[in-house]
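# Topology and contacts: notes
Now for the letters of each chain:
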Amino acid sequence: LSEPEQALLRRLAVFAGSFSLSAATHVTAGPPIAVGDVFDLLAKLVDKSLVMPLQGADRTRYRLLETTRAFGLENLAKHNGGDGWNRLCACMVDIFSEAERTWPTMPTSEWLSPVEPELDNLRTALSWAFGSQGDPALGLRLLAHTHWFWCELPLLREQRRWFELAAHFVDDASPAAIAGRINLALGWDPYFGDRSRLPAARRAEQLFRKTNEPLMLAQALGHAGRAASRYRDAGEAIACFDEALSILRPHGPTKLLALLLLSQATAHKHAGDVTLARFYALEGQTVAASLGDIQTLDMCGI
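Scope of this entry: the structure provided in the associated data block. (Residues numbered from 1 in each chain as written. Predicted model: local features only at pLDDT ≥ 70, side-chain atom pairs only at ≥ 80, totals over all residues. Heavy atoms only, no water.)

Our next topic: the nonpolar core. Leu-12, Leu-142, Leu-143, Phe-149, Trp-150 and Ile-182 are the most contacted members of the largest nonpolar core, which has 96 residues in total. Ranked by residue count, the leading element in this core is helix H15 (residues 255-270), at nine residues. When neighbours within four sequence positions are excluded, Leu-12 is seen to be in contact with Phe-19, Ala-24, Thr-28, Leu-42, Leu-45, Val-51 and Leu-64. (Core = buried A, V, L, I, M, F, W, Y, C linked by side-chain atoms within 4.5 Å. Buried < 20%, exposed > 50% of the residue type's maximum accessible area, 1.4 Å probe, protein only. Helix = DSSP H or I, 4+ residues; strand = E, 2+ residues; numbered from the N terminus. Contact = heavy atoms within 4.5 Å.)

So, in structure tokens, the structure goes:
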């Protein structure tokens, strides 16, 4: 291999899963690899069967065989490869921050299509960031944008493990927007009534009241309401959902709105008001159907 081909192969080894051309460029470009040369160099590695192309419905992704990746990682370590891991983590930040932005209004299957293949890359980036040689602040930035990704797959136990690990690295110096997102995920109660999640949700609420992020504040209120809502004890939850809905309605149909309507329906059912519960559930069903939000749509129909 030429020197640029060697550099590309060892730098690509940080990808634990498949990767796109744009991700490869983000992670590998830099002397002796020019940005405009990444595709041609990648094509040469494909021709030599060192990189495998994976044809998808609308895009091509690539991956290394495990033996090739092991060889690449061994050589990366010899070339002070810490920058490669940092770049991988930064690349995942870009991917998942954009995914967080688009999640509220995209149909679930369409939303998952480009991000689900990044699961193994996300895992290895987080493992590096929170490891002994990593960058915990960068790991927090990455993990903060993945809450709904884990929920949609769904990988709730793994989500919980990552966010509990991340909580050890949150301190007073952590940006409020990042600390809020970590607490938001820790406050997520998928089943209602787990009051052990309530302090984290309330902490997220406090932080988002400072960051001027209304959609995040609505989520924190919704998480607090879910944790607080119990049979015949739904007053606190209903108050949370009322405020959250007042924030969300001006933004039009979103998955967040559908989820909050379902949550409000459940709270009113817990309070014994079946009529209001049905009203909110039907509205949530309509919103979820319009957005292709399959999980919430199914739950609204229960």
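Past the structure itself, the notes keep going.
Let us look at the environment of Gly-82. Of note, Gly-82 is situated in helix H5 (residues 82-102). Judged by relative accessible area, Gly-82 falls into the partly exposed class, the value being 36%. Residues Gly-82 and Gly-134, spaced 52 residues apart in sequence, show a C-alpha to C-alpha distance of 8.2 Å.

A few words now on the side chain of Arg-197. Note that Arg-197 resides in the loop between helix H11 (176-186) and helix H12 (198-211). The contact partners of Arg-197, leaving out residues within four places of it in the chain, are Arg-160, Leu-186, Gly-187, Trp-188, Asp-189, Pro-190 and Ala-227.

Pairs of packed helices are described in terms of their axes, by the angle between the two and the distance that separates them. Interaxial distance between H11 and H12 falls to 8 Å at its minimum, and their mutual angle equals 150°. Relative to H12, the element H11 lies roughly antiparallel. Here H11 runs over H12; the crossing is left-handed. Contacts between H11 and H12 pair Ala-176, Ala-177, Ala-179, Gly-180, Arg-181, Asn-183, Leu-184 and Leu-186 from the former with Ala-200, Ala-201, Arg-203, Ala-204, Leu-207, Phe-208 and Thr-211 from the latter. Of the residues in the contact of H11 with H12, the class split is ten nonpolar, three polar and two charged. (Axes fitted to C-alpha atoms, helices over the stretch in contact; angles between N-to-C directions. Parallel < 35°, antiparallel > 145°, perpendicular 65-115°, else oblique. Left-handed = near helix turned anticlockwise from the far one by under 90°. Nonpolar A, V, L, I, M, F, W, Y, C, P; charged D, E, K, R; others polar.)

Pairs may arise between side chains of opposite charge once their charged atoms sit close together. According to the stated counting rule, one finds 19 salt bridges in the structure shown. One salt bridge connects Glu-98 with Arg-101, and the closest N-O pair in it is separated by 2.6 Å. Of this pair, Glu-98 and Arg-101 both sit in helix H5, three residues apart, which is roughly one turn of that helix. The salt bridge partner of Glu-152 is Lys-255, with a shortest N-O separation of 3.8 Å. Here Glu-152 is found in helix H9 (residues 147-152), whereas its partner Lys-255 is found in helix H15, with 103 residues between them in sequence. (Salt bridge = Lys/Arg side-chain N within 4 Å of Asp/Glu carboxyl O.)

For helix H2 (residues 21-28), the complete set of buried residues consists of Ala-23, Ala-24, Thr-25, Val-27 and Thr-28. Packed against the buried residues of H2 are helix H1 (3-12), helix H3 (38-47) and H5.

Here the focus is the packing of aromatic side chains. In total, this model carries eight aromatic pairs according to the counting rule given. Ring geometry for Trp-103 versus Trp-148: centroids 4.4 Å apart, planes at 5°, classification stacked. With a gap of 45 residues between them, Trp-103 in the loop between H5 and helix H6 (108-115) and Trp-148 in helix H9 connect regions that are remote in the sequence. Of the two residues examined, Trp-103 and Trp-148, each falls in the buried class. (Phe/Tyr/Trp six-rings, centres within 6.5 Å; stacked < 30°, edge-to-face > 60°.)

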